[in-house]
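What follows is the residue order along each chain.
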Amino acid sequence: MKGSAESWIYQPEYEKMSRSKLVDLQEQRLRKVVKYCYEKVPIYRRKFKDVGLHPDDIKTLDDLEKIPFTEKEDLRKAYPYGMLAADLRDVLELHASSGTTGHPTTCAYTKNDLEIWSKVMARIYASAGTKKGDIVQNAYGYGLFTGGLGFHYGALEIGATVLPIAAGETERQITLAKEYGTTILACTPSYAAYLGRYAREKMGIDPSKELKWKSGLFGAEAWSEELRAKIEELLGLEAFDIYGLSEVIGPGVSVECSQHNGLHIQEDHFLPEIINPATGEKVKEGETGELVLTTLTRQATPVLRFKTGDNTSFKIDECECGRTFGRMDRVFGRADDMLKVRGVKFWPKTVEHALLRVKGASENYEIIIERPEELDIMTLRLEPDKELFESVCGDLSKLQVLAKNVEEQVKSIVGVKANIELVPYGTLPRFMGKAKRVKDLRKNL
Ligand SMILES: [Zn+2]
């Protein structure tokens, strides 16, 4: 619910900087990090030499385009220590990201990196109204996944109390939320929705009335506005979208403010560009393309022009919250996650967006794509919501109208015909972390 969190600004001296001062700071940091990468990371030195570039050639933000991109594949090849710019003895924390595609990449932090991570995460908490006195229920996975510790450090930095419960043990999450009176929830959006359903259906607890959650920080996967509305209704809190990735720092790159109109990128630490992924050229401001990030202050594993694979847009304009950092649009999905069915390209999030517009459809769904012969067939396996399911005493044949309405919405919004297969409420898997809702069986051919 918009406005239930008392959003504030943690470091106004940076977050409200004038654009000219910010650009000065970015350029000064850019020159430093370029020189640093060139001197410390052989891969960067080679990339620079390949295109005849020297760190002295990079003076202003306009020179950024001269620098070759860093691809995810560079990081994979360099595993375990090839991207490390700092002395290993100065590294205090190591995270290996397995990603969704297999090969690991390393994300390392020096003491200074951890301090910066804590600060950018504290800004994110402040944006969602977190203060000293709040109790943060951190239900992100702790461990090599950067979500858990990132949210942990940020809460400590702001002086809030952390309940480091991690993901899972759903019943205990609700019980402890009630007994300790936690006020802030941090987890993936799929898990937030699941917590809300579980509390109501299995424990008879209405979180919007019986729990004290006032805001939630949800990220690590793409989610739709329709799912936001569901989560806010189920949990009675204000839901904030957050964005980050382990190759850059973990969570902490950007967050929504009270306006919920895009995510402010922490531009003093992360320099954004939006490119056309096919040509590598910059798109016009406000246009959609692939997000490319340069870390301006990272010591252990800095990246120059890292291609995130995430599609979004970026705009610098005034925001009512007072921050001067530009805003990126909510991420629709990673390029890798994009589906192509019968020639139509779309993200799974678009399917969610379409189906949740239909009354009686739940957020529990699965997309199955097959190619039995020449043509792709998409099946959308969907649970009706609990109330509807019970109202027909579990007889799915009585829900043909629901199936038809979902089919029409998907056809009109996604542009692909899907066979709708209704399944009993409670059948599909629930997710504690990142949801896996797509089964593309064509890949097994
Ligand atoms: Zn704002």
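The present account deals with the structure reproduced in this document.

Cut-off values and rules
- Residues numbered from 1 in each chain as written.
- Predicted model: local features only at pLDDT ≥ 70, side-chain atom pairs only at ≥ 80, totals over all residues.
- Heavy atoms only, no water.
- Donors = N, O, S within 2.8 Å, 3.2 Å for Na, K, Ca; no water.
- Tetrahedral: all angles 85-135°; square planar, octahedral: opposite > 155°, others 65-115°.
- Buried < 20%, exposed > 50% of the residue type's maximum accessible area, 1.4 Å probe, protein only.
- Pairing = 2+ DSSP bridges.
- Helix = DSSP H or I, 4+ residues; strand = E, 2+ residues; numbered from the N terminus.
- Axes fitted to C-alpha atoms, helices over the stretch in contact; angles between N-to-C directions.
- Contact = heavy atoms within 4.5 Å.
- Left-handed = near helix turned anticlockwise from the far one by under 90°.
- Nonpolar A, V, L, I, M, F, W, Y, C, P; charged D, E, K, R; others polar.
- Core = buried A, V, L, I, M, F, W, Y, C linked by side-chain atoms within 4.5 Å.
- Phe/Tyr/Trp six-rings, centres within 6.5 Å; stacked < 30°, edge-to-face > 60°.
- Lys NZ or Arg CZ within 6 Å of the ring centre and 35° of its normal.

Within the protein, the atoms that donate to the zinc ion are Cys257 (SG), His264 (NE2), Cys319 (SG) and Cys321 (SG), at distances of 2.1 to 2.3 Å. For the zinc ion, the four donor atoms in the first shell make angles of 104 to 114 degrees at the metal, a pattern classed as tetrahedral. On the primary sequence, the residues serving as donors to the zinc ion are separated as C-x6-H-x54-C-x1-C. For the pair shown, Cys319 and Cys321 are each scored as buried.

Pairing is mixed across the open sheet formed by four strands, whose spatial order is S19-S18-S17-S20. Edge positions in the sheet fall to strand S19 (418-422) and strand S20 (438-440), since each has one partner strand and no second. Recorded for the sheet is a direction-independent mean angle of 20 degrees between the axes of neighbouring strands. Seen against the sheet, helix H11 (residues 348-355) touches strand S17 (361-370), strand S18 (377-384) and S20 and runs at an angle of roughly 135 degrees to S17.

Right, let's talk about the packing of helix H8 (residues 189-203) against helix H10 (residues 225-235) for a bit. It is at 9 Å that the axes of H8 and H10 come closest, and there the two elements cross at 35 degrees. H10 is crossed by H8, and the crossing has left-handed handedness. Across the interface between the two elements, Pro189, Ala192, Ala193, Leu195, Gly196, Arg197 and Arg200 from H8 touch Leu227, Lys230, Ile231, Glu233, Leu234 and Leu235 from H10. A breakdown of the residues in the contact of H8 with H10 according to their chemical character gives eight nonpolar, one polar and four charged.

So, about unusual backbone geometry. Cis geometry is adopted by the peptide bond preceding Pro80, which originates at Tyr79 and carries an omega value of 5 degrees. By the secondary structure assignment, Pro80 is in the loop between helix H4 (72-78) and strand S1 (91-97). Residues other than glycine seldom take positive phi values, yet Glu169 does so here, at roughly 50 degrees. Secondary-structure assignment places Glu169 in the loop between strand S4 (161-163) and helix H7 (170-180). The exposed category is assigned to Glu169, whose relative accessible area is 52%. One non-glycine residue with positive phi stands out, namely Cys393, at about 50 degrees. Its location among the elements puts Cys393 in the loop between helix H12 (386-391) and helix H13 (400-413). Accessibility expressed as a relative area gives 74% for Cys393, which makes it exposed.

The biggest cluster of nonpolar side chains holds 65 residues, and the ones touching the most others in it are Leu30, Trp117, Leu217, Tyr243 and Val253. When residues of this core are assigned to their parent elements, the largest contribution, eight residues, is made by helix H5 (residues 111-127). Not counting residues within four places of it along the chain, the set of residues in contact with Leu30 comprises Ile58, Thr60, Leu61, Leu64, Leu271, Thr294 and Leu296. Counting residues in hydrophobic clusters, the runner-up holds 55 residues, among them Ile174, Leu185, Tyr198 and Ile369.

A few words now on the packing of aromatic side chains. The full count for this structure, using the stated rule, is eleven aromatic pairs. A centroid spacing of 5.8 Å and a plane angle of 85 degrees characterise the contact between Tyr125 and Phe151, whose relative ring orientation is edge-to-face. You can see Tyr125 sitting in helix H5 and its partner Phe151 sitting in helix H6 (residues 146-158), a full 26 residues away along the chain. Take Tyr125 and Phe151: they sit in the same class, and that class is buried. Relative to Phe145, the ring of Tyr140 lies with its centre 6.5 Å away and its plane at 45 degrees, an arrangement referred to as tilted. In this structure an aromatic cluster arises from ring pairing among Tyr125, Tyr140, Phe145 and Phe151. The ring of Phe69 carries the charged tip of Lys307 above its face, separated from the ring centre by 5.2 Å.

Below, the discussion takes up the sheet that holds S4. Strand order in the open sheet formed by nine strands is S4-S3-S5-S6-S7-S8-S9-S14-S13, with mixed pairing between adjacent strands. Both edges of this open sheet fall to S4 and strand S13 (314-315), since each of them pairs with a single strand only. Summarising the sheet, strand S3 (residues 135-138) and strand S5 (residues 184-187) pair through three bridges and their orientation is parallel. Bridging from a neighbouring strand, Val136 pairs with Ile184 of S5.

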